[in-house]
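Notes for the structure review
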Amino acid sequence: MAGRGRGRGRGQMTFNVEAVGIGKGDALPPPTLQPSPLFPALERRAAPLPGGEEGEYMLALKQELRRAMRGLPYFVKPGAPRRDIERYSDKYQLSSPVDSAIDWNPDWRRLPRELKIRVRRLRKGRTVPLVPKQHVALDKEETIKKLESLEKKEEEVTSEEEEEKEEEEEGKEEEEEEYDEEEHEEETDYVLSYFDNGESFGPDSDDNGDEAVY
Amino acid sequence: MTQAELRLCSLLLQEHFGEIVEKVGNSLLRTGPRPLRLLVGDTGLLPDQVKKALCVLIQHNLVRYEVQPRGSVEYEARSERILRILRYPRYIYTAKTLYGDPGELLVEELLLHGHLSMSCAVARVADRLTETMEDGKTMDYSEVSSTFVRLADTHFIQRCPMVPESSRSAKAPPPPAPALAIAEKDMYVVPRLSLVGKGKRRHSCDEEEKEEHKAKRQKQEGGTSETPPDDGIYWQVNLERFHQHFRDQALVSAVASRMDQTSSEVVRTMLRMSEVTTASGASHTQPLSSNEIFRSLPAGYNIGKQVLDQYLALLADDPLEFVGKSGDSGGGTYTVSILWGELGVTRGPGAAWAPPSPFQHPSLIPLLLHRFGSRCARIFRLLLRKKHLEQKQVEDFAMIPAKEAKDMLYRMLSENLVSLQEIPKTPDHAPSRTFYLYTVNVMAAARMLLHRCYKSVANLMERRQHEMRENKRLLEKSQRVEAILASMQATGAEAAQLHEVEEMITGPERQQLETLKRNVNKIDASENQVDETIFVLESFIESTMKRP
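Residues numbered from 1 in each chain as written. Chains lettered and ligands numbered in written order. Predicted model: local features only at pLDDT ≥ 70, side-chain atom pairs only at ≥ 80, totals over all residues. Heavy atoms only, no water.

- Chain B is annotated in an unreviewed UniProt entry as DNA-directed RNA polymerase III subunit RPC3 from Chaetorhynchus papuensis.
- Comment text from UniProt for chain B, heading Function (unreviewed entry), reads "DNA-dependent RNA polymerase catalyzes the transcription of DNA into RNA using the four ribonucleoside triphosphates as substrates. Specific core component of RNA polymerase III which synthesizes small RNAs, such as 5S rRNA and tRNAs."
- The record held by UniProt for chain B lists under Subunit (unreviewed entry) the comment "Component of the RNA polymerase III (Pol III) complex consisting of 17 subunits." (UniProt positions renumbered as here; feature names shortened; annotations may be inferred.)

- As annotated in an unreviewed UniProt entry, chain A carries the name RPC7L polymerase and is attributed to Chaetorhynchus papuensis.
- Per UniProt, the comment on chain A under Subcellular location (unreviewed entry) is "Nucleus".
- Listed under Sequence similarities (unreviewed entry) in UniProt, the entry text for chain A is "Belongs to the eukaryotic RPC7 RNA polymerase subunit family."

**Focus: the overall build of chain A**
- From N to C terminus, chain A includes five helices and zero strands.
- Its helices and strands in sequence order give chain A the pattern α-α-α-α-α, from N to C terminus.
- Within chain A, the fraction of its 214 residues that count as buried is 21%.
- Summarising the internal contacts of chain A: among those between residues at least 6 apart in sequence, 39% fall at separations of at least 24.
- Roughly 17200 Å² of accessible area belongs to chain A as shown, and the carbon and sulfur atoms make up 53% of that amount. (Helix = DSSP H or I, 4+ residues; strand = E, 2+ residues; numbered from the N terminus. Buried < 20%, exposed > 50% of the residue type's maximum accessible area, 1.4 Å probe, protein only. Contact = heavy atoms within 4.5 Å. Areas by Shrake-Rupley, 256 points an atom, 1.4 Å probe, with all protein chains shown as cover.)

**A short note on the domain arrangement of chain B**
All names here are of chain B.
- For chain B, the domain assignment lists domain 1 (3–77), domain 2 (240–340), domain 3 (359–439) and domain 4 (453–544).
- Using only C-alpha atoms to locate each centre, domain 1 and domain 4 end up separated by 30 Å.
- Linking domain 1 with domain 4 are two salt bridges.
- Our count for the contact surface shared by domain 1 and domain 4 stands at four residue pairs in polar contact (both at pLDDT 80 or more).
- Taken together, the residues of the side of domain 1 that touches domain 4 break down into four nonpolar, one polar and three charged. (Domains from an automatic or database assignment. Salt bridge = Lys/Arg side-chain N within 4 Å of Asp/Glu carboxyl O. Polar contact = N/O pair within 3.5 Å; in protein donor to acceptor, adjacent residues only side chain to side chain. Nonpolar A, V, L, I, M, F, W, Y, C, P; charged D, E, K, R; others polar.)

**Examining the pairing of strand S12 (residues 434–439) of chain B**
Residues and elements named next belong to chain B.
- Among the six residues that make up S12, five are buried, leaving the element largely enclosed by the rest of the structure.
- Note: strand S10 (residues 388–390) against S12, three bridges, orientation antiparallel. Directly across from histidine 388, in S12, lies its bridge partner threonine 439.
- Sheet analysis places strand S11 (residues 419–424) next to S12, joined by six bridges and oriented antiparallel. By the bridge assignment, isoleucine 423 is partnered in S12 with phenylalanine 435. (Pairing = 2+ DSSP bridges.)

**Here we look at the nonpolar core**
- Leu54 and Tyr75 of chain B are the most contacted members of the largest nonpolar core, which totals 123 residues.
- In this structure leucine 54 of chain B touches Leu115 of chain A together with Val24, Leu28, Leu36, Leu39, Val63 and Tyr75 of chain B, once residues within four positions along its chain are discounted. (Core = buried A, V, L, I, M, F, W, Y, C linked by side-chain atoms within 4.5 Å.)

**Quick word on the sheet that holds strand S1 (residues 34–35) of chain B**
Residue and element names in this part refer to chain B.
- Pairing within the open sheet is antiparallel, and its three strands lie in the order S1-S3-S2. This sheet does not close on itself; its edge strands, each paired only once, are S1 and strand S2 (63–67).
- Direction of pairing for S2 relative to strand S3 (residues 73–77): antiparallel, over a ladder of five bridges. Along S3, the bridge assignment pairs valine 63 with alanine 77.

**Observations concerning the packing of helix H2 (residues 19–31) of chain B against helix H4 (residues 47–59) of chain B**
Residues and elements named next belong to chain B.
- Two numbers describe how H2 lies on H4: the axes approach to 9 Å, and their chain directions differ by 80°. Between H2 and H4, the angle is such that the two are roughly perpendicular. Of H4, the residues touching H2 (which contributes Ile20, Val21, Val24, Gly25 and Leu28) are Gln49, Val50, Ala53, Leu54 and Leu57.
- Split by residue class, the contact of H2 with H4 holds eight nonpolar, two polar and no charged. (Axes fitted to C-alpha atoms, helices over the stretch in contact; angles between N-to-C directions. Parallel < 35°, antiparallel > 145°, perpendicular 65-115°, else oblique.)

**Comments concerning the pattern of salt bridges**
- Inspection of the entire model under this criterion finds 26 salt bridges over all chains.
- One salt bridge in this structure joins aspartate 42 of chain B and arginine 34 of chain B, with 2.8 Å as the shortest N-O distance.
- Owing to a relative accessible area of 44%, aspartate 42 of chain B belongs among the partly exposed residues under this scheme.
- Overall, arginine 34 of chain B belongs to the buried group, its relative accessible area being 15%.
- Here arginine 464 of chain B makes a salt bridge to aspartate 524 of chain B, at a shortest N to O gap of 3.2 Å. Highlighted residues: arginine 464 of chain B in helix H18 (residues 442–470) and aspartate 524 of chain B in helix H21 (residues 507–546), separated in sequence by 60 residues. Like aspartate 524 of chain B, arginine 464 of chain B is buried.
- In the salt-bridge network here, residues are joined through shared partners; they are Lys62 and Arg66 of chain A together with Glu15, Arg464, Asp524 and Glu527 of chain B.

**Comments concerning the sheet that holds S10 of chain B**
Residue and element names in this part refer to chain B.
- Read from one edge of the open sheet, three strands run S10-S12-S11, paired in antiparallel fashion. Each of the sheet's edge strands pairs with one partner strand only, and the pair in question is S10 and S11. Averaged over all pairs of adjacent strands, the angle between strand axes in this sheet comes to 40°, irrespective of strand direction.

**Thoughts on the packing of aromatic side chains**
All names here are of chain B.
- The final tally for this structure, using the stated rule, is eight aromatic pairs over all chains.
- When the ring of tyrosine 99 is compared with that of phenylalanine 156, the centres are 6.2 Å apart and the planes differ by 75°; the resulting orientation is edge-to-face. Here tyrosine 99, found in helix H6 (residues 88–113), pairs with phenylalanine 156, found in the loop between helix H8 (141–153) and strand S5 (157–159); they are 57 residues apart in sequence, far enough to count as distant.
- Phenylalanine 156 sits in the buried class, given a relative accessible area of 2%.
- Plain terms: the ring middles of phenylalanine 156 and phenylalanine 242 are 4.8 Å apart, the flat faces sit at 55° to each other, and that makes the pair tilted. One end of the pair, phenylalanine 156, is in the loop between H8 and S5; the other, phenylalanine 242, is in helix H10 (residues 239–258), and 86 residues separate them in sequence.
- One aromatic cluster is present, built from ring pairs that chain together Tyr88, Tyr91, Tyr99, Phe156, Phe242, Phe246 and Phe535. (Phe/Tyr/Trp six-rings, centres within 6.5 Å; stacked < 30°, edge-to-face > 60°.)

**Here's the deal with the confidence of the model for chain A**
Residues and elements named next belong to chain A.
- Overall, the predicted model of chain A reaches an average pLDDT of 65, with 39% of residues at or above 70.
- Between the elements of chain A, mean pLDDT differs from a low of 48, seen in helix H5 (residues 181–185), to a high of 90, seen in helix H2 (residues 52–71).
- Contacts for the low-pLDDT stretch residues 124–134, under 50 throughout, to residues beyond four places or in other chains number 13 contacts.
- Taken together, the stretch residues 166–183 has pLDDT below 50 and engages in 26 contacts with residues farther than four places along the chain or on a different chain. (pLDDT = per-residue confidence, 0-100.)

**Let's talk about the environment of glutamine 59 of chain B**
- Within the fold, glutamine 59 of chain B resides in helix H4.
- Setting aside anything within four residues of it in sequence, one finds glutamine 59 of chain B in contact with Tyr74 and Trp104 of chain A together with His113, Gly114 and His115 of chain B.
- From its side chain, glutamine 59 of chain B meets the backbone oxygen of histidine 113 of chain B in a polar contact 2.9 Å long.
- Polar contacts involving the side chain of glutamine 59 of chain B include one to the main-chain carbonyl oxygen of histidine 115 of chain B, which spans 3.4 Å.

**Side note on the pairing of S3 of chain B**
All names here are of chain B.
- Burial along S3 is one-sided: Val73, Tyr75 and Ala77 are buried, and none of Glu74 and Glu76, which face the opposite way, are.
- Where S1 and S3 come together, two bridges link them in antiparallel fashion. If you follow proline 35 over to S3, its bridge partner there is glutamate 74.
- Here S2 folds back onto S3 in antiparallel fashion, the turn holding five residues, of which glycine 71 has a positive phi close to 110°.

**What about the packing of helix H19 (residues 472–490) of chain B against H21 of chain B?**
Residue and element names in this part refer to chain B.
- The interhelical angle for the contact between H19 and H21, taken along N-to-C directions, is 105°, at an axis separation of 11 Å. Comparing the axis directions of H19 and H21 gives the class roughly perpendicular. Across from Arg473, Leu474, Leu475, Lys477 and Ser478 in H19, the residues of H21 making contact are Glu509, Gln512, Leu513 and Leu516.
- Looking at the contact of H19 with H21 residue by residue, the classes come out as four nonpolar, two polar and three charged.

If you want it as structure tokens, here you go:
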């Protein structure tokens with residue numbers, strides 16, 4: 001009958017255990033009742049690492065490579081968390097602006113069109129070919145550039161946005177704009193069109209010029 | 001994709017490209033090819049961040065895209081390419097041994113940037129070399145260019161697939177993604193450029209900069225475009241060729257360990273002659289006549305023609321069959337077998353296909369069995385030779401007492417390195433009338449070991465990151481102190497002040513830093529070592545799968 005032999009003898013198995021080599025009367029290791037330990041004891045030490053010039057040079061290369069890759073623009077840093085209040089010291093901190101621009105200039109012809117995003121132009125070497133009749137605009141932009149050459153990148157991004165708006169007006173190739181213009185012109189929480197700076201109020205306005213001012 | 005591979009890819013992406021790219025890569029690896037909007041939904045990141053990450057991944061050839069018939073573009077991660085990031089130091093070191101410093105830097109720049117155009121790469125490398133040279137000397141572009149051409153001629157770098165030049169009419173909308181393609185024959189053609197120039201130092205003096213500005217402004221007003229002459233032609237590193245080189249190196253060292261130095265030189269010469277003529281994945285090189293080999297031997301080896309013939313005959317007769325004789329024209333033609341035969345198996349004479357060459361990688365398997373012991377290694381090698389053995393036969397052939405042999409066999413059985421094969425004598429498989437034979441299933445064992453290797457590298461990386469995280473505060477402090485020291489030295493401070501600044505790091509902290517550095521170095525060296533094993537196992541599995 002099934003199950004009658006259970007418990008008798010060491011523990012019967014479906015095949016002849018002698019063939020596998022467990023002779024009669026041999027003590028088997030006790031059954032394991034818990035999962036194997038996380039760090040089992042090492043029975044013998046590992047062989048020493050091959051040293052030598054080649055190994056050391058490759059080690060130095062590896063560490064160099066790691067360090068270099070962190071500095072490249074391909075290392076995408078996550079966006080800094082937006083602070084609750086905009087502080088005065090923010091302007092002088094040197095954290096790089098983490099907006100949705102891309103720091104390097106890929107060859108957009110090789111990439112699918114849907115991936116195209118705004119390229120943050122680097123300070124030196126503006127490589128935009130300009131049409132001669134845009135001289136006036138060019139000078140103005142150059143002056144702005146020089147003025148802002150010492151300032152933080154945030155303002156540079158703003159001027160680039162203004163310049164980009166000008167480019168759009170000239171009818172150049174549109175880049176995908178996914179940001180709201182109003183929001184990004186100045187980094188404040190107020191929508192600018194609602195802002196009334198009070199210039200039309202007071203003695204300067206034309207309407208009340210005749211009346212006396214008390 | 002196994003879990004171990006996924007984890008390793010994740011860690012590699014995170015270490016080299018940051019968290020965002022890691023998340024995107026992870027999502028692609030786990031769920032397969034998908035379009036952009038599904039990716040954005042999956043990862044929970046901003047669309048712009050996902051786009052940036054995809055641009056980075058495509059730039060480095062880690063992800064490829066495909067236009068689906070419906071018009072959407074699907075992105076697919078290439079896991080095997082991501083795993084190659086581990087091997088970058090080895091590629092760079094090989095380039096250095098073959099082509100010196102310019103070669104090393106060229107390969108490094110190409111690996112760091114994914115793909116570059118020739119003018120860009122040459123300019124960067126020249127600048128870097130100029131930095132290391134003494135003041136006043138600059139590196140000329142021509143030397144770097146010539147190294148570039150040599151790299152292309154020996155196929156170590158290749159051209160990327162190009163954008164098709166189609167003149168589309170204004171009416172037809174352009175496709176959502178370009179279909180890149182390149183013909184085999186164009187892959188190594190270097191464009192005729194005349195790159196004239198010298199490397200520039202980063203800290204050039206102000207007058208030079210002003211002149212540059214003026215020149216640029218004039219150029220802009222003149223309306224000339226600044227596209228370089230080789231626009232659109234990009235180069236990337238040909239990893240397959242490097243793998244071929246590593247394989248050749250292993251073959252030569254195996255011959256050297258089995259026979260002597262001269263025969264290994266002969267084999268090395270034969271392999272060098274057939275470097276670019278052998279198609280990847282072939283099992284033999286092209287036949288080479290012994291006259292050609294004699295002519296191409298390196299200058300230092302002036303052995304006579306008869307001696308060379310004797311060596312070739314010896315190599316051909318060797319049971320491991322590194323070299324095969326394939327004809328008699330031209331004084332005897334010989335081929336080198338370049339399959340990753342077995343990890344030590346000899347083929348019987350009844351093999352159906354052309355003689356594959358088993359070759360003993362310098363005790364690869366016994367090294368891996370080091371954790372079981374040298375006797376286990378002996379049993380394992382015995383089983384590899386004899387295929388199927390009974391328990392009793394194992395004990396006899398290996399000359400190991402029964403108890404120990406049993407114990408070792410069961411340990412290996414539990415690790416799945418060996419397996420049991422049943423051969424029934426009667427149809428009812430009665431245990432007392434069945435043979436039980438131990439055998440090694442080489443492919444399964446190789447795969448299992450490879451899986452283990454991936455796991456170990458991932459563990460090593462995690463441990464290293466853990467160590468760095470634990471000591472982050474101390475590392476930052478030491479960096480600050482070094483920066484202060486450097487600036488003080490630049491402005492000329494006295495020894496006493498420097499000493500004071502150095503004292504900011506206390507003795508125990510210094511010890512801690514030393515220990516940290518030692519540990520991190522050890523872990524890095526181990527990662528390199530495991531990667532060598534990964535290379536051997538992967539090549540073996542790949543070549544065995546390709547066999548018809």
